[in-house]
Structure formats: C-alpha cells, structure tokens
Amino acid sequence: MQERLLLLPKDAKDKATETKKFFNKLKKRVPKNLDNQVAAIHDEVFEKMDCMSCANCCKTTSPIFTSKDISSISKHLRLKSDKFVSKYLIMDSDNDYVLKQSPCVFLNEDNSCFIYEYRPKACREYPHTNRKDFHKISQITMKNIEICPAAFNIVEKLKLKLNNNSQKFR
C-alpha cells in the first residue's frame with residue numbers, strides 16, 4: 001500500500017488533463033443512471049479496498065467540521081465546544097473549521113479512528129464517490145484522486161466504462 005500511495009499523486013497528475021476533460025464532458029452530457037453506475041463501481045472498489053491499511057486521507061488532509069460535528073465530538077470528548085475548537089481546529093480561508101494539523105489528531109497508530117462513531121460528516125462520506133449528482137463534485141473528486149487510491153480507481157473505472165462502452169450521454 002505504501003508504494004501505491006507514493007505513486008498516487010504522480011498517477012493522478014499524469015491523468016489530470018484526461019480526467020478534467022472527462023468531467024467536463026460528464027457535466028455537459030450526464031449519462032442516464034450515472035449515480036447508480038458510480039455507486040456500483042464505488043461498491044466494487046471498496047469491496048477490495050482496506051481503508052485501515054491506507055488512512056492517507058487522515059494522514060494528509062482535514063475534513064470540514066460542521067457545527068453539528070463540533071457539538072457531537074465535543075460532547076463525546078467531554079469538552080465544551082469552544083474548548084474543542086480552540087484545542088483542535090482553525091478556520092480556513094473558506095471560513096470552514098478544519099484541523100490545525102496533519103495527520104489527524106484522532107488517528108491511532110493502527111490507522112483506526114479514536115472518535116470513529118462521532119467522526120465528522122465529511123469523514124463518513126469520504127471520498128464522496130457515492131454521492132448523488134456525482135457529476136457536480138468534479139473539483140473535490142479531482143483533489144481526492146490524488147489522495148485516495150479508491151477514488152482514483154473509481155474514476156478510472158468510470159472513465160473506462162463510459163468511454164469504452166460508447167455509452168450515450170443524454
């Protein structure tokens with residue numbers, strides 16, 4: 001897995017132009033049942049993917065913490081919300097709360113999550129490849145394929161499926 005993680009940014013960069021063109025085409029002509037197709041590929045990839053052997057998302061990026069996330073995690077940690085924020089979070093340039101540091105302070109040595117049951121919504125949904133209206137989140141997906149091997153594989157499989165099968169775009 002470590003070797004794959006080292007190669008992932010280069011692989012994503014090598015395919016960036018192709019992937020960007022693919023997403024632009026996808027936005028212009030959304031295939032029928034796209035979300036169902038992406039969800040099926042997502043499930044197929046994650047049947048083989050062991051996030052615990054990777055945890056690259058937790059090691060390199062921060063999720064956005066909503067007020068609901070902050071409240072829930074604070075309560076779990078028995079901290080007041082403002083104390084939790086001052087101890088762990090900063091406001092980014094988009095005015096979102098994110099972690100002060102990487103890797104995530106809640107990531108255990110075995111790649112498990114100390115607050116797993118209370119983790120932020122962004123963590124629960126990562127890498128966002130089974131969301132509705134997948135074609136609308138190309139920017140975040142382009143970032144995630146540089147970090148998450150599963151996201152990279154999902155996008156590559158989707159490109160193959162839609163391009164090689166001559167699928168009609170509506």
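What counts and what doesn't
- Residues numbered from 1 in each chain as written.
- Predicted model: local features only at pLDDT ≥ 70, side-chain atom pairs only at ≥ 80, totals over all residues.
- Heavy atoms only, no water.
- Helix = DSSP H or I, 4+ residues; strand = E, 2+ residues; numbered from the N terminus.
- Buried < 20%, exposed > 50% of the residue type's maximum accessible area, 1.4 Å probe, protein only.
- Contact = heavy atoms within 4.5 Å.
- Areas by Shrake-Rupley, 256 points an atom, 1.4 Å probe, with all protein chains shown as cover.
- Lys, Arg positive; Asp, Glu negative; His and termini not counted.
- Charge placed at Lys NZ, Arg CZ, Asp CG, Glu CD.
- Disulfide = S-S within 2.5 Å.
- Arc of directions from axis to C-beta.
- Expected span 1.5 Å × (residues − 1).
- Axes fitted to C-alpha atoms, helices over the stretch in contact; angles between N-to-C directions.
- Parallel < 35°, antiparallel > 145°, perpendicular 65-115°, else oblique.
- Core = buried A, V, L, I, M, F, W, Y, C linked by side-chain atoms within 4.5 Å.

Enquirer: Now, about the overall build of the chain: what can you tell me, with residues and values included?
Expert: Secondary structure summary: the chain contains 9 helices and 2 strands in total. Along the first, second and third principal axes, the C-alpha set of the chain runs to 55 × 35 × 30 Å. Burial analysis of the chain (170 residues in total) assigns 38% to the buried set. At a minimum sequence separation of 6, the contacts of the chain that also span at least 24 residues come to 70%. Looking at the chain as shown, the accessible area adds up to about 10,800 Å², and 50% of this sits on carbon and sulfur atoms. Charged side chains in the chain number 32 positive and 21 negative. The centres of these two groups are separated by 6 Å.

Enquirer: Which residues make up the side chain of Lys159, and what values go with them?
Expert: Along the chain, the position of Lys159 falls in helix α9 (residues 149–164). Contacts of Lys159, omitting those with residues within four sequence positions, involve Lys15, Glu18, Thr19, Phe22 and Asn164.

Enquirer: Now, about the state of the cysteines: what can you tell me, with residues and values included?
Expert: By definition, a disulfide links the sulfur atoms of two cysteine residues through a covalent bond. Summed over all chains, the structure comprises 0 disulfides. Free cysteine: Cys57, not disulfide-bonded; nearest cysteine sulfur from Cys58 at 4.0 Å. Free of any disulfide, Cys148 has its nearest cysteine sulfur in Cys54, 6.4 Å distant.

Enquirer: Which residues make up helix α6 (residues 81–88), and what values go with them?
Expert: Among all positions in α6, only Phe84, Val85 and Tyr88 are buried. The buried residues of α6 occupy one face: seen down the axis, they fall within an arc of 95 degrees. When the buried face of α6 is taken as reference, the exposed residues oriented beyond 90 degrees from it are Asp82, Lys83 and Lys87. Buried residues in α6 make contact with α5 (67–77), β1 (89–91) and β2 (97–99).

Enquirer: Residues and numbers for helix α2 (residues 16–28), please.
Expert: If you check α2, its first and last C-alpha atoms are 18 Å apart, about what 13 residues at 1.5 Å a residue would give, namely 18 Å. Those residues of α2 lying buried are Thr19, Phe22, Phe23 and Leu26. Down the axis of α2, the buried side of the element spans an arc of 95 degrees, and every buried residue falls inside it. The outward face of α2, more than 90 degrees from its buried face, is lined by the exposed residues Thr17, Lys20, Lys21 and Lys28.

Enquirer: So what about the packing of α5 against α6? Which residues, and what values?
Expert: With their axes 9 Å apart at the nearest point, α5 and α6 run at an angle of 95 degrees to one another. If you check the angle between α5 and α6, you find them roughly perpendicular. The segment α5 lies against α6, with Ile70, Ser71, Ile73, Ser74 and Leu77 engaging Ser81, Phe84, Val85 and Tyr88.

Enquirer: So what's going on with the nonpolar core? Which residues, and what values?
Expert: If you look at the biggest cluster of nonpolar residues, it comprises 27 residues, and the most contacted ones within it are Leu26, Leu34, Phe134 and Leu158. At the level of secondary structure, the elements contributing two or more residues to this core comprise α1 (2–14), α2, α3 (34–48) and α9. Per-element tally for this core: the top contributor is α9, with 7 residues. The residues touching Leu34, leaving out its near neighbours within four places in the chain, are Leu26, His135, Leu158 and Leu162. Judged by nonpolar contacts, the second largest core, of 13 residues, contains Ile73, Tyr88, Cys104 and Phe106.

Enquirer: Residues and numbers for the environment of Thr66, please.
Expert: Relative to the assigned elements, Thr66 resides in the loop between α4 (56–60) and α5. Distance from Thr66 to Asp35, taken between C-alpha atoms, is 25 Å for residues 31 residues apart in sequence.

This is a description of form; function is not addressed.
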